[in-house]
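Now for the letters of each chain:
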Amino acid sequence: MADIQIRSVDEQLAREAKARATQTHRTLSDYIKDLIQRDLEAAAQTQQMRALLAEIQADQQSLVPRSSTASALAEVRREMGTE
């Protein structure tokens, strides 16, 4: 495992982090590792969502407009005599 050192942390922030770690029955180190892990997971999830959104937007651009689909369906029905 690697070590990470954080320097120049604001005193108030350090106190609050220590208090939160204590409230959750964890060491400060475990609390901060958990925060980092959750942040990285959230970033990965955000990246996945952006990729999915881009894929959906690309798919929507390739869709046939509803009016064209309706016209084509009406034409097929006329040809089949099932209007």
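### Quick notes on the pattern of salt bridges
Summed over the entire model, instances satisfying the criterion amount to 3 salt bridges. Of the charged contacts, one joins Asp34 and Arg26 as a salt bridge, the two residues approaching to 2.9 Å between their closest N and O atoms. When the shortest N-O distance is used, the salt bridge between Arg38 and Asp34 registers 3.1 Å. On the criterion of helical spacing, the pair formed by Arg38 and Asp34 is a turn pair, its members being 4 residues apart in helix 2 (residues 28-62). Arg38 gets classed as partly exposed once you look at its relative accessible area, which sits at 44%. Ionic contacts of the salt-bridge type, sharing partners, join the residues Arg26, Asp34 and Arg38 into one network.

### A word on the environment of Asp3
Along the polypeptide, Asp3 turns up in the segment before helix 1 (11-23). Assessed through its relative accessible area of 78%, Asp3 is described here as exposed. Taking the C-alpha atoms as reference points, Asp3 and Asp39, separated by 36 residues in sequence, lie 18 Å from one another.

### Quick word on unusual backbone geometry
Although it is not a glycine, Ser8 adopts a positive phi angle of roughly 55°. Relative to the helices and strands, Ser8 is located in the segment before helix 1. Note on Ser8: relative accessible area 78%, which makes it exposed. Even without being a glycine, His25 presents a positive backbone phi close to 60°. Considering the arrangement of structural elements, one finds His25 in the loop between helix 1 and helix 2. The class of His25 is exposed, set by a relative accessible area of 73%.

Definitions and limits used
- Residues numbered from 1 in each chain as written.
- Predicted model: local features only at pLDDT ≥ 70, side-chain atom pairs only at ≥ 80, totals over all residues.
- Heavy atoms only, no water.
- Salt bridge = Lys/Arg side-chain N within 4 Å of Asp/Glu carboxyl O.
- Helix = DSSP H or I, 4+ residues; strand = E, 2+ residues; numbered from the N terminus.
- Buried < 20%, exposed > 50% of the residue type's maximum accessible area, 1.4 Å probe, protein only.

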